[in-house]
Amino acid sequence: MNRNILLVEPDYKTKYPPVGLMKISSYHKQLGDNVFFHKGINASYPFLQQWDRVYISTLFTYNWKITVDTINFYKAIIDDIDRIKVGGILATLKYDDLWEATGVVPIKGLLNRPGMLGDDNEIIVDELIPDYSLFNDTPFKYSLVGDSYLGYSTRGCKNKCKFCGVPEIEPQFQDYINIKEYVNGIKNKYGEKTHLVLMDNNILASKSFNKIIRDIMELGFEKNSKLNNKQRHVDFNQGVDARRIDEKNIHTLAKIAINPLRIAFDSIKLESVYRRGVELAAQNGIQNLSNYILYNYNDSPEELWKRLEINIQLNRKYGLNIYSFPMKYIPLLDTNRKYISSPNWNWQFIRGVQRILNVLKGAVMPREDFFYRAFGESEKEFREILYMPESILMNRGRELQTAEIDWKNKFRKLTQNERDELLSILCGNPSRKGLMNSIASIKNKKLHSILTYYIPKRPEKNDYSALLDLEA
């Protein structure tokens, strides 16, 4: 008898489709089961039929609440809790906590062994071709499903970075996966795709790197390749390790349609290594780069500004297009996004960075004038920008500059101790009511005067405590 299978992704925002669920869909369709997909919680849809199994994917640990709420919702409508299967990143990293919060025993790690879904067969789910038709009859669409092959040419990572969950999620480094067989399987079943997105965590660590590049080229993704007159792109979307870039492997990488080349720049201590990697890329004709920049970790606002400005320098020197993507650090097991790395970072500074990035849609563009206008002409000016009230920060440089000029005059007259006290007041009173109550007790005339600029015009609707939940 065919089973009815419901696949659920919690309703968090994500650019990438749930590839794990797509592979589970292929698994069940191979067994002759009926498979349906749903995003989030919708009381009108899940009750249409009896579900023999409900699979719920998980992503980052800071999606904790929405994930737990989703699991508990579906648990309430299933008479047998063993019919609910939960897996993914959060389920692996917070296995015991999720079990305790939901009563559902999670599946840990990859589905890379037979029988992990409770059926008596030899099928390895992780090796299956994803079901690209899963979203056809749903309102939930993922652009990458339409035009990209999504897969891996390696698994795991040889590095053991403290801020990364890969060592626990994919503990064994798999040096080579036959991407040719995998891509051709997708092509034969779902049609040819324009782009290739590989989610490898450290492609340059593979001893089979040259073989993988040959595979990619044989699939039709050599440099300047096109499909139906459209330029093809290869994207190692987790980035490459700048410490492993050398003249030989970057020359090899440049043979494929790499666009963009993503390189992490997580610490100013890696400046020389990072510069060398970008320079080698430029020398080999790679012009479009994307740069992950971790902040709120072991850095300072000045170090963040410096790393961003280094990209501007490299763009100017080599005629490159480097798009920087600052990423706010959140500890691996935290269940929300509110973490602040003190003493260098604080609520006011994090809020300022996030507000700038929200305007920029998360990306720092290659244009020099645009960067200096958004982030300031120097580390000192950037720090001053982070002190600004939101209304002034968001309207800098416009015609009505009276408030900005007045605020700057008042701010620059503050001593360092007064600036520290200003931060203490702002970070301790994120709501309008709290700030107004605090101002009423301030005896320092300079602080009292400048603090009036921080009072939101609309009561409580501008409670900025929620801003730390914005993804940068």
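Above this text is the structure in question.
Computed from a prediction, not measured in an experiment: that's the story for all the values here. (Residues numbered from 1 in each chain as written. Predicted model: local features only at pLDDT ≥ 70, side-chain atom pairs only at ≥ 80, totals over all residues. Heavy atoms only, no water.)

On to the overall build of the protein chain, then. When helices and strands are tallied, the protein chain shows 19 helices and 12 strands. Against the 2.2 N^0.38 benchmark of 23 Å for 472 residues, the protein chain shows a C-alpha radius of gyration of 25 Å, consistent with a compact globule. Dimensions of the protein chain, computed from C-alpha atoms along their principal axes, come out at roughly 80 × 60 × 40 Å. Every one of the 472 residues in the protein chain was classed for burial, and the buried ones make up 52%. Taking the intrachain contacts of the protein chain between residues at least 6 apart in sequence as the baseline, contacts between residues at least 24 apart amount to 75%. As displayed, the protein chain offers around 22500 Å² of accessible surface, 48% of which is attributable to carbon and sulfur atoms. Across the protein chain, 67 positive and 57 negative side-chain charges occur, with their mean positions spaced 5 Å apart. (Helix = DSSP H or I, 4+ residues; strand = E, 2+ residues; numbered from the N terminus. Rg over C-alpha atoms; globule rule 2.2 N^0.38 Å. Buried < 20%, exposed > 50% of the residue type's maximum accessible area, 1.4 Å probe, protein only. Contact = heavy atoms within 4.5 Å. Areas by Shrake-Rupley, 256 points an atom, 1.4 Å probe, with all protein chains shown as cover. Lys, Arg positive; Asp, Glu negative; His and termini not counted. Charge placed at Lys NZ, Arg CZ, Asp CG, Glu CD.)

Right, let's talk about the sheet that holds strand 11 (residues 288–295) for a bit. Pairing in this open sheet of three strands is parallel, and the strands run 10-11-12 from one edge to the other. Each having just a single partner strand, strand 10 (261–264) and strand 12 (321–328) make up the two edges of the open sheet. Ignoring strand direction, the axes of neighbouring strands in this sheet form an average angle of 25 degrees. Bridge analysis of strand 10 against strand 11 gives four bridges, and the strand direction is parallel. Looking at strand 11, one finds that R262 is bridged to S290. (Pairing = 2+ DSSP bridges. Axes fitted to C-alpha atoms, helices over the stretch in contact; angles between N-to-C directions.)

This part takes up the packing of helix 12 (residues 347–359) against helix 14 (residues 379–387). At a minimum axis distance of 8 Å, the contact between helix 12 and helix 14 shows a crossing angle of 100 degrees. Comparing the axis directions of helix 12 and helix 14 gives the class roughly perpendicular. From helix 12, Q348, F349, G352, V353 and I356 reach across to helix 14, where they touch F382, R383, I385, L386 and Y387. When grouped by side-chain class, the residues that make up the contact of helix 12 with helix 14 number seven nonpolar, two polar and one charged. (Parallel < 35°, antiparallel > 145°, perpendicular 65-115°, else oblique. Nonpolar A, V, L, I, M, F, W, Y, C, P; charged D, E, K, R; others polar.)

A separate point is the packing of helix 2 (residues 64–77) against helix 4 (residues 95–102). Axis separation between helix 2 and helix 4 bottoms out at 10 Å; the angle between their running directions is 45 degrees. The pairing of helix 2 with helix 4 is recorded here as oblique in orientation. As helix 2 runs across helix 4, the sense of the crossing is right-handed. Of the residues in helix 4, those touching helix 2 at W64, V68, I71, N72 and K75 are D97, L98, A101 and T102. Classifying every residue of the contact of helix 2 with helix 4 by side-chain character gives five nonpolar, two polar and two charged. (Left-handed = near helix turned anticlockwise from the far one by under 90°.)

This part is about the pairing of strand 3 (residues 53–58). Most of strand 3 is tucked away: six of the six residues are buried. Neither face of strand 3 is left uncovered, since the one carrying R53, Y55 and S57 and the one carrying V54, I56 and T58 both have all their residues buried. The pairing of strand 1 (residues 4–9) with strand 3 spans four bridges and is parallel. The residue of strand 3 that forms the bridge with L6 is V54. Inspection of the sheet shows strand 3 paired to strand 4 (residues 84–88) by five bridges, in the parallel sense. Note that in strand 4 the partner of I56 across the bridge is V86. In this view, the connection linking strand 3 to its parallel neighbour strand 4 by way of helix 2 has right-handed handedness. (Right-handed = clockwise from strand over helix to strand, strands pointing away.)

Further remarks concern the pattern of salt bridges. Throughout the structure, instances matching the rule amount to 30 salt bridges. Between D119 and R53 there is a salt bridge whose closest N-O contact spans 2.6 Å. With D119 in the loop between helix 4 and helix 5 (143–147) and R53 in strand 3, this residue pair connects regions lying 66 residues apart in the sequence. Like D119, the residue R53 is buried in the burial classification. Between D241 and R243 there is a salt bridge whose closest N-O contact spans 3.0 Å. Taken together, the shared-partner salt bridges connect R3, D33, R53 and D119 into one network. (Salt bridge = Lys/Arg side-chain N within 4 Å of Asp/Glu carboxyl O.)

Further remarks concern the pairing of strand 12. Of the two faces of strand 12, only the one carrying I322, S324, P326 and K328 is buried; N321, Y323, F325 and M327 on the other face are not. Where strand 11 meets strand 12, eight bridges bridge the pair, whose relative direction is parallel. For L289, the partnering residue across the bridge sits in strand 12 and is I322. Each parallel crossover has a hand, and for strand 11 linked through helix 11 (residues 301–318) to strand 12 it is right-handed.

Within the fold, F221 resides in the loop between helix 8 (209–218) and strand 7 (226–227). Given a relative accessible area of 0%, F221 falls into the buried group. The spatial distance from the C-alpha of F221 to the C-alpha of A257 is 5.7 Å, given a sequence separation of 36 residues. With residues near it in sequence (within four places) discarded, F221 still touches Y149, K193, T194, H195, L196, I216, R232, H233, V234, I256 and A257.

Tracing the chain through its elements places I123 in the loop between helix 4 and helix 5. In this structure, the C-alpha to C-alpha distance between I123 and L422, residues 299 residues apart in sequence, is 61 Å. Setting aside its immediate chain neighbours within four residues, I123 contacts Y27, Q30, L31, R113, P114, G115 and L128.

Moving on to the packing of aromatic side chains. Applying the stated criterion to the full structure yields 21 aromatic pairs. Ring centres of Y387 and F411 lie 4.7 Å apart, and the angle between their planes is 50 degrees; on these two criteria the pair is classed as tilted. With Y387 in helix 14 and F411 in helix 16 (residues 402–412), this residue pair connects regions lying 24 residues apart in the sequence. Of the two residues examined, Y387 and F411, each falls in the buried class. The structure contains a cluster of three or more aromatic residues connected by ring pairs, namely W305, F371, Y372, F375 and F382. Above the plane of the ring of Y95 lies K108, whose end atom (NZ or CZ) is 5.5 Å from the centre. Just above the ring of F221 sits the side chain of R232; from NZ or CZ to the centre is 3.9 Å. (Phe/Tyr/Trp six-rings, centres within 6.5 Å; stacked < 30°, edge-to-face > 60°. Lys NZ or Arg CZ within 6 Å of the ring centre and 35° of its normal.)

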